[in-house]
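# Tertiary structure, described
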Amino acid sequence: MSLNTKLEVGLEIISAMIANASNEGYSVKDEKMKILLEERDKLYSGDEKTIDKIINVYGPQIKEKYKNA
């Protein structure tokens, strides 16, 4: 998969993770949200390790959450 494709997919996944955390009541002061926002910043800077983590760890979580939606 090309880096551009990974960036696009990763952005969609991290956006969904941030939205879910927000819906669960987390704010920017909470550690979970801080981690997600840091990972989003790393994604924008092109950090491939973070992009792979987002796709391989968070991707299945998002897929499972919206599987029956």
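Treat the numbers as computed from the prediction; the structure is a model and nothing was measured.

### Some words on the nonpolar core
Core analysis: the biggest nonpolar cluster contains 15 residues, and Ile13, Ile14, Met17, Ile18, Leu36, Ile54 and Tyr58 have the highest contact counts within it. Contributions of two or more residues to this core are made by α1 (3-23), α2 (31-44) and α3 (48-65). Residue contributions to this core peak at six residues, all from α1. Here Met17 is in contact with Leu36, Tyr58, Gln61 and Ile62, once residues within four sequence places are set aside.

### Some words on the environment of Ser45
Along the chain, Ser45 falls in the loop between α2 and α3. The exposure class assigned to Ser45 is exposed, which follows from its relative accessible area of 60%. For Ser45 and Ser2, which are 43 residues apart along the polypeptide, the C-alpha to C-alpha distance reads 16 Å. At a separation of 2.8 Å, a polar atom in the side chain of Ser45 contacts the main-chain carbonyl oxygen of Lys42.

### Here we look at the side chain of Asn20
Its place among the elements puts Asn20 in helix α1. Setting aside residues no more than four positions away along its own chain, Asn20 makes contact with Ile62, Lys65 and Tyr66.

### Some details on α3
In this model α3 runs 25 Å from its N-terminal to its C-terminal C-alpha over 18 residues, within 8% of the 26 Å that 1.5 Å per residue would give. Three or more residues of α3 are buried, namely Thr50, Ile51, Ile54, Ile55, Tyr58, Gly59 and Ile62. Capping the start of α3 is the job of one residue whose side-chain oxygen sits 3.2 Å from the backbone nitrogen of Lys49: Asp47.

### Let's talk about the pattern of salt bridges
If the charged atoms of two oppositely charged side chains come close together, the side chains can form a pair. Scanning the model with the defined rule gives four salt bridges in all. In this structure, Asp52 and Lys6 form a salt bridge, with 3.1 Å as the shortest nitrogen-oxygen distance. Of the two residues, Asp52 is situated in helix α3 and Lys6 in helix α1; the sequence distance between them amounts to 46 residues. Look at Asp52 and you get partly exposed, because its relative accessible area is 28%. With a shortest N-O distance of 3.4 Å, Glu24 and Lys32 are connected by a salt bridge. Relative accessible area serves as the criterion here: at 49%, Glu24 is assigned to the partly exposed category. Judged by its relative accessible area of 35%, Lys32 falls in the partly exposed class.

Analysis parameters
Residues numbered from 1 in each chain as written. Predicted model: local features only at pLDDT ≥ 70, side-chain atom pairs only at ≥ 80, totals over all residues. Heavy atoms only, no water. Core = buried A, V, L, I, M, F, W, Y, C linked by side-chain atoms within 4.5 Å. Buried < 20%, exposed > 50% of the residue type's maximum accessible area, 1.4 Å probe, protein only. Helix = DSSP H or I, 4+ residues; strand = E, 2+ residues; numbered from the N terminus. Contact = heavy atoms within 4.5 Å. Polar contact = N/O pair within 3.5 Å; in protein donor to acceptor, adjacent residues only side chain to side chain. Expected span 1.5 Å × (residues − 1). Salt bridge = Lys/Arg side-chain N within 4 Å of Asp/Glu carboxyl O.

Limitation: the analysis is restricted to geometry and does not speak to function.
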